[in-house]
Amino acid sequence: MFETVLFPIDQSPESREAADTVVKIVKQFNSRLVLLSVVEKPIEGEDAPPEPRMSPEAIAELLKSAQSMFAQAGIEAETIEREGKPAFAICDVADEINADLIIMGCRGIGLIEEEVSESVTNRVINLSPCPVLIVP
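Note that the structure is a prediction, hence the values are computed from the model and not measured.

Section: the overall build of the chain
Moving on, step 1. From N to C terminus, the chain includes 4 helices and 5 strands.
Moving on, step 2. Sequence-ordered secondary structure for the chain, helices as α and strands as β, is β-α-β-α-β-α-β-α-β.
Moving on, step 3. A buried classification covers 39% of the 136 residues belonging to the chain.
Moving on, step 4. Taking the contacts inside the chain whose residues are at least 6 apart along the sequence as the reference set, 75% of them involve residues at least 24 apart.

Structural data, given as structure tokens:
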């Protein structure tokens, strides 16, 4: 059912908590697992995002660490690093790899009406080429 699962990761606790669900689904469906992390570059004239940007080195270390964690669970994971706006990069990669499912942690930010357009999770849900499982 889910041949390819895309798991966008960052350093949030929600991302780490969603990893348990990823392990269960990937093992149950014997899925290919692709880990994605996005480096968001500042755009001139645009306000800085509320969270600090991670360096490419920190992203590489995050992916390596996540890959090791999944290996301990008996899952071989591929890694992809991209630059750009997170929601768009996630959906682009999902399309490129023909993902059958995207699994994401949710911070709960953006669930209030005024902030809903700013939520990466909400944007992915609206733009995704495949189903999205949100792990609260």
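Having put the structure on the table, let's press on.
Quick notes on the sheet that holds strand S3 (residues 77-83)
Moving on, step 1. Read from one edge to the other, the open sheet built from 5 strands follows the order S3-S2-S1-S4-S5, with strand pairing classed as parallel. At either end of the open sheet lies a strand with only one pairing partner, and these are S3 and strand S5 (132-135). For this sheet, the mean inter-axis angle between neighbouring strands, taken without regard to orientation, is 25°.
Moving on, step 2. With 5 bridges joining them, strand S1 (residues 4-8) and strand S2 (residues 32-39) adopt parallel strand pairing. By the bridge assignment for S2, Val5 is matched with Leu33.

Points about the environment of Val26
Moving on, step 1. By the element assignment, Val26 lies in helix H1 (residues 13-29).
Moving on, step 2. According to the relative accessible area criterion, Val26 is buried, its value standing at 3%.
Moving on, step 3. On a C-alpha basis, the gap between Val26 and Ile75 in space is 7.9 Å, while along the polypeptide they are 49 residues apart.
Moving on, step 4. Each residue touching Val26, except ones within four places of it in the same chain, is listed here: Val5, Ser31, Leu33 and Ile75.

A few points about the packing of helix H3 (residues 86-96) against helix H4 (residues 120-127)
Moving on, step 1. The contact between H3 and H4 brings their axes to 8 Å, and the two run at 35°. Once H3 is placed against H4, the crossing between them reads as right-handed. Counted together, Pro86, Ala87, Phe88, Ile90 and Cys91 of H3 and Val120, Arg123, Val124 and Leu127 of H4 form the full contact between these two elements.
Moving on, step 2. Classifying every residue of the contact of H3 with H4 gives 8 nonpolar, no polar and 1 charged.

Comments concerning the layout of surface pockets
Moving on, step 1. Taken as a whole, the second largest pocket spans an internal volume of roughly 180 Å³.
Moving on, step 2. Lining the second largest pocket are Phe7, Ile9, Asp10, Gln11, Ser15, Arg16, Ala19, Leu62, Ser65, Ala66, Met69 and Phe70.
Moving on, step 3. At the level of secondary structure, the elements contributing two or more residues to the lining of the second largest pocket comprise H1 and helix H2 (56-72).
Moving on, step 4. Looking at the lining of the second largest pocket, the element that brings in the most residues is H2, giving 5 residues.

Each value, and the rule that gives it
Residues numbered from 1 in each chain as written. Predicted model: local features only at pLDDT ≥ 70, side-chain atom pairs only at ≥ 80, totals over all residues. Heavy atoms only, no water. Helix = DSSP H or I, 4+ residues; strand = E, 2+ residues; numbered from the N terminus. Buried < 20%, exposed > 50% of the residue type's maximum accessible area, 1.4 Å probe, protein only. Contact = heavy atoms within 4.5 Å. Pairing = 2+ DSSP bridges. Axes fitted to C-alpha atoms, helices over the stretch in contact; angles between N-to-C directions. Left-handed = near helix turned anticlockwise from the far one by under 90°. Nonpolar A, V, L, I, M, F, W, Y, C, P; charged D, E, K, R; others polar. 1 Å grid on protein atoms, 1.4 Å probe; cavity = no way out; pocket = protein on both sides within 12 Å on 5 of 7 lines; lining within 4 Å. Points joined across faces, edges and corners; volume = space filled by probe spheres on them.

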